[in-house]
Amino acid sequence: MIKLNNLHFVLSLFFSLMVANLFAQQTMTNVYGRRVQSLNGKWDAIVDLYDQGKKNKIYLNKKPENKTDFYEYAFENGLRLNVPSDWNSQMPELKYYEGTIWYARRFDAAKDRGGRLFLYFGAVSYRCRIYLNGQEIAQHEGGFTPFQVEITDAVKEKNNFLAVEVNNTRRVDAIPAMAFDWWNYGGITRDVFLIRTPSVFIDDYFIQLDKTGADKINASVKLSEKKANIPVTIEIPELQLKQTLMTDAHGEIKTAFVSQKIKRWSPSAPTLYQVKISSPDDQIEEEIGFRNVWVKGEDVYLNGQSIFLKSISFHEEIPQRRGRAFSQADAAMLLSEAKALGCNMIRLAHYPQNEHIVRMAEKMGFLLWEEIPVWQGIDFDNEATEEKATKMMREMVARDKNRCALTFWGVANETQPSESRNTFIRQLIATCRSMDTTRLITAAFDLVRFDKERQMFVMDDPFIKELDVVAVNKYMGWYHPWPVAPDKAKWEVAKGQPLIISEFGGEALSGKTGDADVVSSWSEDYQATLYKNNLEMFKHIPNLRGTSPWVLFDFRSPFRFHPTNQEGWNRKGLISDQGYRKKAWFLMKAYYDSK
Ligand code: GCB
């Protein structure tokens, strides 16, 4: 007989297993190259401020059947929200909303015979539960990475009812945590698709140039099932490369191609090749580029040549619309402004941005730095938080590992040294390296300080030795007054390693004139002085290999209280929320043109 204690244990194990099974899956590689049916568009919505929907099982969407039935909800004929999009920008009442909103829609799903169906979400901010035809089928946490859930057995041909319970409440154990310098947009913020695959399909592949071998392309492919002896072909027609191999017991093949004819991808010549992969039942293709990046001493090498990284950061936000960027047109707007500034790189701040941005950036010739939102204030002592971060890292690397533009995986932004932080970040780095050894690993630190005795800028965090490239955010002239004249500012930070200034800048209200040496003038003139001074200081940083001003556009942030100069906006943009270039933009442009 089971004792009560044991019974309790068995029951909780049973329920935790049930919940565990509900975790959404990591997505198959190259969703945008699959057979998809879009579920974008208007969805019905219910604002659930007090979290009553789950208790009342509104995902069942019941209708009265007899004279005494009634239900105090209905999805039909109420609020309609756009998907993809944040909810905050869709109604004035939702501008500051943090809580739960239910989304629902119906769809038909004609099945291929023997085929499989998956629901795909590009991102849901921040956590969600998915219900199909009244059953909870998946949960996901993390607002900036994609996930999928197989619905082959749960879906009907006609009139499926899909409900998604989305919640963006900030929590201590979340990533990011309780406070962060950008808007906490909620909603189904990226594309939603139904993906059709054959029963055994090409689930994953990783095709990249060898880290150092300029002529060698490493390729691996994994089928959805662990089936041996299935022929898989990889072909790059333009290079006349083709190989067919038999899968091993894990349903995988691993191989390499050697060719002297590979034209290397670079910002000035972003060459991409059509790559085709096929198995007996499935085929998929995608444009892939080939390049080598490595670090030697204090230099970063791209295709064997040392490079200066002319970077810029932006949030995934269209300031003119006061909402999240989600479309190709949005990507074009942000990226063309980065191009105009003369950049060869983008630091995607502070979280994985949508695939439209990443794919278009690669085509336009930008190197990319992508990071997960381990941004200040993270609960490094919490194991669950570490697991979440690790999962986000996996989801990010899995999504973008075939994008040769991706050069840096960022593991953290502005963290304070401690044993628990080190363990946490070490785990992230290990996860990254276990999936991909071809990128450089970096993190942005804010610990550079002026050593009065030595009269120079130094940084004491020993953790930097574990990174390929060190990055620092330093707001000279804004958060820190100058301790010496900019042309006397000597740096000894991360000696022997390449250093990127991953953030610098200051605020200016567009169009405002004022004292060029008074910080609180909030003027374009002061911002220009600040840029002039920083650009002067950069000349004296011996291992400086890149700069990334903060930030391309003014962006919305609850951190910013000043009533006339900020009004809920971080005004450090080189371009205003309305798209006007500030004076500092022209200085930065001249600096990049001279590099
Ligand atoms: C930082 C953060 C960035 C902020 C910025 C600022 O160091 O990394 O997310 O927005 O400073 O404007 O204070």
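Residues numbered from 1 in each chain as written. Predicted model: local features only at pLDDT ≥ 70, side-chain atom pairs only at ≥ 80, totals over all residues. Heavy atoms only, no water.

- Under an unreviewed UniProt entry, the protein chain has the name Beta-glucuronidase and belongs to Sphingobacterium thalpophilum.
- Of the protein chain, the UniProt comment under Sequence similarities (unreviewed entry) reads exactly: "Belongs to the glycosyl hydrolase 2 family." (UniProt positions renumbered as here; feature names shortened; annotations may be inferred.)

**As for unusual backbone geometry**
- Of note, the bond from Ser-125 into Tyr-126 is cis; its omega dihedral lies within 30 degrees of zero at 5°.
- Trp-550 connects to Val-551 through a cis peptide bond whose omega is 25°.
- Summarising the element assignment, Val-551 is placed in the loop between strand 35 (544-547) and strand 36 (555-556).
- Even without being a glycine, Asn-229 presents a positive backbone phi close to 60°.
- In this fold, Asn-229 is placed in the loop between strand 14 (216-223) and strand 15 (231-236). (Helix = DSSP H or I, 4+ residues; strand = E, 2+ residues; numbered from the N terminus.)

**So, the pairing of strand 5 (residues 116-121)**
- By the criterion of burial, strand 5 is predominantly enclosed, with six of the six residues buried.
- Neither face of strand 5 is open: one carries Arg-116, Phe-118 and Tyr-120, the other Leu-117, Leu-119 and Phe-121, and all of them are buried.
- By the bridge criterion, six bridges tie strand 5 to strand 12 (residues 192-197) in an arrangement that is antiparallel. Residue pairing for strand 12: Phe-121 is matched across the bridge by Val-192.
- In this structure, strand 5 lies alongside strand 9 (residues 147-150), joined through four bridges in antiparallel fashion. Bridge pairing in strand 9 links Leu-119 to Val-149. (Buried < 20%, exposed > 50% of the residue type's maximum accessible area, 1.4 Å probe, protein only. Pairing = 2+ DSSP bridges.)

**As for the UniProt feature "domain: Glycosyl hydrolases family 2 sugar binding" (unreviewed entry) in the protein chain**
- The feature "domain: Glycosyl hydrolases family 2 sugar binding" (unreviewed entry), as annotated in UniProt, sits at residues 38-198 in this numbering.
- Along residues 38-198 the backbone is 0% helical and 39% strand, and the end-to-end C-alpha distance reaches 18 Å.

**A closer look at the nonpolar core**
- Among the nonpolar cores identified, the biggest contains 111 residues, and Val-374 and Trp-491 are the most heavily contacted of them.
- Apart from the residues lying within four places of it in its own chain, the contact partners of Trp-491 are Val-448, Phe-457, Val-472, Lys-474, Leu-499, Ile-501, Met-537, His-540, Ile-541 and Pro-542.
- Core analysis: the second largest hydrophobic core is formed by 32 residues, Trp-43, Ala-45, Val-83 and Ile-137 among them. (Core = buried A, V, L, I, M, F, W, Y, C linked by side-chain atoms within 4.5 Å. Contact = heavy atoms within 4.5 Å.)

**So, the packing of aromatic side chains**
- By the definition in use, this model includes 33 aromatic pairs.
- With centroids separated by 5.0 Å and ring planes inclined at 50°, the aromatic side chains of Phe-504 and Tyr-531 adopt a geometry described as tilted. You can see Phe-504 sitting in the loop between strand 34 (499-503) and helix 6 (524-538) and its partner Tyr-531 sitting in helix 6, a full 27 residues away along the chain. In this pair, the class of Phe-504 matches that of Tyr-531, namely buried.
- Counting every residue linked through ring pairs, the aromatic cluster contains Phe-144, Phe-180, Trp-182, Tyr-351, Trp-375 and Phe-559. (Phe/Tyr/Trp six-rings, centres within 6.5 Å; stacked < 30°, edge-to-face > 60°.)

**Focus on the site of the ligand**
- Surveying the vicinity of the ligand reveals 14 residues, the closest of which are Asp-181, His-350, Glu-414, Tyr-479 and Lys-572.
- Separating an oxygen atom of the ligand from a side-chain N or O atom of Asn-413 is a distance of 2.9 Å.
- The contact in question runs from an oxygen atom of the ligand to an N or O atom on the side chain of Glu-414, over 2.3 Å.
- Relative to its free-state accessible area of 320 Å², the ligand is covered by the protein chains to the extent of 95%.
- For the shell around the ligand, the per-class residue count stands at five nonpolar, four polar and five charged. (Near = heavy atom within 4 Å. Polar contact = N/O pair within 3.5 Å; in protein donor to acceptor, adjacent residues only side chain to side chain. Areas by Shrake-Rupley, 256 points an atom, 1.4 Å probe, with all protein chains shown as cover. Nonpolar A, V, L, I, M, F, W, Y, C, P; charged D, E, K, R; others polar.)

**Some remarks on the environment of Glu-414**
- Mapped onto the elements, Glu-414 comes out in the loop between strand 28 (406-413) and helix 5 (419-435).
- Taking the C-alpha atoms as reference points, Glu-414 and Ser-311, separated by 103 residues in sequence, lie 18 Å from one another.
- Glu-414 has contacts with Gln-376, Ala-444, Asp-446, Asn-473 and Glu-503, leaving out every residue within four places of it along the chain.
- Here Gln-376 takes part through its side chain, which lies 2.6 Å from a polar atom of the side chain of Glu-414.

**Some points on helix 4 (residues 383-400)**
- Between its first and last C-alpha atoms helix 4 spans 26 Å; for 18 residues at 1.5 Å apiece the expected length is 26 Å, and the two agree.
- Across the 18 residues that make up helix 4, a large majority, 13, are buried.
- At the N-terminal end of helix 4, a side-chain oxygen is found 2.8 Å from the backbone nitrogen of Ala-384, two or three residues along, and the residue is Asn-382. (Expected span 1.5 Å × (residues − 1).)

**Focus on the UniProt feature "domain: Glycoside hydrolase family 2 catalytic" (unreviewed entry) in the protein chain**
- Those places that UniProt annotates as "domain: Glycoside hydrolase family 2 catalytic" (unreviewed entry) correspond, in this numbering, to residues 294-542.
- As annotated, residues 294-542 comprises 29% helix and 24% strand, and the C-alpha atoms at either end are separated by 19 Å.

**Overview of the state of the cysteines**
- According to the stated counting rule, one finds zero disulfides in the structure shown.
- Left without a disulfide partner, Cys-343 is nearest to the cysteine sulfur of Cys-404, which lies 18 Å away.
- Classification of Cys-343 as buried rests on a relative accessible area of 5%.
- Unpaired in terms of disulfides, Cys-432 finds its nearest cysteine sulfur in Cys-404, a separation of 17 Å. (Disulfide = S-S within 2.5 Å.)

**A few points about the layout of surface pockets**
- Of the voids in this model, the largest pocket is the one considered here, and its volume is about 750 Å³.
- Contributing to the lining of the largest pocket are 37 residues, with Gln-26, Asp-204, Tyr-205, Lys-222 and Lys-401 lying nearest its centre.
- Tallied by class, residues from the lining of the largest pocket come to twelve nonpolar, 14 polar and eleven charged.
- If you add up the space inside the second largest pocket, you get close to 480 Å³.
- Along the walls of the second largest pocket sit 17 residues, with Phe-23, Arg-127, Gln-139, His-140 and Glu-141 positioned nearest its centre. (1 Å grid on protein atoms, 1.4 Å probe; cavity = no way out; pocket = protein on both sides within 12 Å on 5 of 7 lines; lining within 4 Å. Points joined across faces, edges and corners; volume = space filled by probe spheres on them.)

**Observations regarding the sheet that holds strand 10 (residues 160-167)**
- The sheet built from six strands is open, its strands ordered 3-2-4-10-7-8 with antiparallel pairing. Each end of this open sheet is capped by a strand with a single partner; those strands are strand 3 (79-83) and strand 8 (135-141). Shown here is a sheet whose adjacent strand axes are inclined to one another by a mean of 30°, direction ignored.
- Where strand 7 (residues 127-132) meets strand 8, six bridges bridge the pair, whose relative direction is antiparallel. The residue bridging Arg-129 from the neighbouring strand is Gln-139, located in strand 8. (Axes fitted to C-alpha atoms, helices over the stretch in contact; angles between N-to-C directions.)

**Observations concerning empty space enclosed by the protein**
- If you walk through the whole model with that rule in mind, you get five cavities of 30 Å³ or more.
- In this structure, the largest cavity occupies an estimated 100 Å³ of space.
- For the largest cavity, the lining is made up of 17 residues, of which Ser-125, Tyr-126, Pro-176, Phe-180 and Asn-184 are closest to its centre.
- The residue inventory of the lining of the largest cavity, partitioned by class, reads nine nonpolar, five polar and three charged.
- Roughly 60 Å³ of volume is contained in the second largest cavity.
- As for the second largest cavity, its lining consists of Tyr-32, Tyr-120, Gly-122, Arg-190, Asp-191, Phe-326, Asn-354, Glu-355, His-356 and Arg-399.
- Residue classes in the lining of the second largest cavity are distributed as three nonpolar, three polar and four charged.

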